[in-house]
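Structure assessment
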Amino acid sequence: MRQKAVNRCQTGPFFLRALFLLVLLLFVVSCQGRSGERQIEYNFKQGVAEVELSLLENAPPEQLYPNTDFQIVVTVDNKAAYDVQEGELRLIGLDEKYFDVYPLSQIFSLQGRSLTNPSGEKAFLQFDGRAGELFLNAEEYAGTYFLKAAYTSTVDFTDTICLNADAYGIYTGGCQLEAEKTYSGQGAPLAVTRMEEIVSPGSGDVEFRFTIENRGQGTINDVTLLAAQLGGQELSCSFKGEEEGQLRFRLTPEDQEAVVLCHRTLRGEPSYETTVTLQFRYTYEIKEEQELRLVR
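Residues numbered from 1 in each chain as written. Predicted model: local features only at pLDDT ≥ 70, side-chain atom pairs only at ≥ 80, totals over all residues. Heavy atoms only, no water.

Points about the overall build of the protein chain
Along the backbone of the protein chain there are 1 helix and 16 strands. When burial is assessed residue by residue, the protein chain has 38% of its 296 residues classed as buried. Here the contacts in the protein chain between residues at least 6 apart in sequence split such that 75% fall between residues at least 24 apart. Of the accessible surface of the protein chain, which amounts to about 17,600 Å², a share of 49% is contributed by carbon and sulfur atoms. (Helix = DSSP H or I, 4+ residues; strand = E, 2+ residues; numbered from the N terminus. Buried < 20%, exposed > 50% of the residue type's maximum accessible area, 1.4 Å probe, protein only. Contact = heavy atoms within 4.5 Å. Areas by Shrake-Rupley, 256 points an atom, 1.4 Å probe, with all protein chains shown as cover.)

Let's talk about the environment of Asp100
With respect to the element layout, Asp100 can be found in strand S4 (residues 99-102). Residues Asp100 and Arg130, spaced 30 residues apart in sequence, show a C-alpha to C-alpha distance of 5.3 Å. Beyond its immediate stretch of four places on either side in the chain, Asp100 contacts Asp128, Gly129 and Arg130.

Notes on the pairing of strand S6 (residues 122-131)
Side chains Ala123, Leu125, Phe127, Gly129 and Ala131 of S6 all project onto a buried face; the interleaved residues Lys122, Phe124, Gln126, Asp128 and Arg130 project onto a face where none is buried. Relative to S6, strand S2 (residues 69-78) runs antiparallel, the two being bridged by 9 bridges. Opposite Thr75, over in S6, you have Phe124 as the bridge partner. Note: S4 against S6, 4 bridges, orientation antiparallel. Its bridge partner lying in S6, Phe99 is registered against Ala131. (Pairing = 2+ DSSP bridges.)

Let's talk about the state of the cysteines
Taken as a whole, this structure holds 2 disulfides when the rule is applied. Residue pairing for Cys162: its cysteine sulfur links by disulfide to Cys175, the two sulfurs lying 2.1 Å apart. Residues Cys162 and Cys175 share a disulfide whose torsion about the S-S bond is about 80°; that sign makes it right-handed. Separated by 13 residues along the polypeptide, Cys162 in strand S7 (residues 140-163) and Cys175 in the loop between S7 and strand S8 (180-182) bring together distant segments of the chain. Cys175 sits in the buried class, given a relative accessible area of 12%. (Disulfide = S-S within 2.5 Å.)

A word on the pairing of strand S15 (residues 257-265)
Only one face of S15 is buried, namely the one carrying Ala258, Val260, Cys262 and Arg264, since none of Glu257, Val259, Leu261, His263 and Thr265 on the opposite face is buried. The pairing of strand S10 (residues 205-214) with S15 spans 9 bridges and is classified as antiparallel. Counted as the bridge partner of Glu207 is His263 from S15. Pairing geometry for strand S13 (residues 236-239) and S15, over 4 bridges, is antiparallel.

Re the nonpolar core
Formed by 64 residues in total, the largest nonpolar core has its most connected members in Val76, Leu89, Phe210 and Phe280. If we ignore the near neighbours within four places in the chain, the residues touching Phe280 are Ser153, Thr154, Val155, Leu190, Val192, Ile212, Val223, Thr224, Leu225, Leu226, Phe239 and Val260. (Core = buried A, V, L, I, M, F, W, Y, C linked by side-chain atoms within 4.5 Å.)

Topic: the environment of Thr224
Relative to the elements of secondary structure, Thr224 occurs in strand S11 (residues 219-230). Non-local contacts of Thr224, meaning those with residues more than four positions away in its chain, are made with Leu247, Arg248, Gln279, Phe280 and Arg281.

Focus: the packing of aromatic side chains
Tallied over the entire structure, the rule returns 9 aromatic pairs. For the pair Phe157 and Tyr183, a centre-to-centre distance of 5.0 Å together with 85° between the ring planes defines the contact as edge-to-face. One end of the pair, Phe157, is in strand S7; the other, Tyr183, is in the loop between S8 and strand S9 (190-199), with 26 residues separating them in the sequence. Each member of the pair, Phe157 as well as Tyr183, carries the same accessibility label: buried. (Phe/Tyr/Trp six-rings, centres within 6.5 Å; stacked < 30°, edge-to-face > 60°.)

Quick word on the sheet that holds S13
Sheet architecture is open: 5 strands sit in the order S8-S9-S10-S15-S13, paired in antiparallel fashion. Two strands in the sheet have a free side with no partner beyond their single neighbour: S8 and S13. Within the sheet, the average angular offset between the axes of one strand and its neighbour, ignoring direction, is 15°. (Axes fitted to C-alpha atoms, helices over the stretch in contact; angles between N-to-C directions.)

Have a look at this one:
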């Protein structure tokens, strides 16, 4: 009997330790699960993001000396949520008498931010240079030049809306139409910032007016509407001020905004929620000012 009592005393602490470890393990697994869910639920296609340019440290050095070699290494970092295609980085404005650089342009393409690549893709583009001579008795020369990047990318817009053939807004037991909605961006410099939904009295025709704007630091040139759907069915669209069916529009440096008009006939359908989706392709340019300093 004494031996059995001793065994019970020894197994008691072991059981408590095992229970504690089990509870701790369940807690850790639970925390990891919640973290994974947050990552899966994170939407990269929001806000404003674009390709960013920067110089690698000490490439080039702050000061260059006559008849010496140097390198310019540009970091091209895609912070947007979409892939970049047909990218070209050019060095413009260098005075060849002082700085001989080769090549003056390079091609790049970069993946956008996603669940499998949350930081996006970077490229390190190297340009080899050689410093020339200072003019006569000059002690130094500072030359301004520009990093100019141009590329093509896309942007997607999706939202859930209410379709209601009742032009007078009478509540029929379904959803309620929102005449106007605003947005902060879809993870690119080009953004859909406003949507208006207008129902024509009597006809049941609904018109959507999508305002698109450049919210980035660069310049958008051409914009093409690749797709427009309402509940999985194509919408008839065109850019405001253009011929019907015109799906390409060129922005100007002074006016980086446009309006897309889309329509559909509801045919007396009761109010219900559905999705509206748009996809655009655009060309984009960014320019960063830099300086090379040649000293004696």
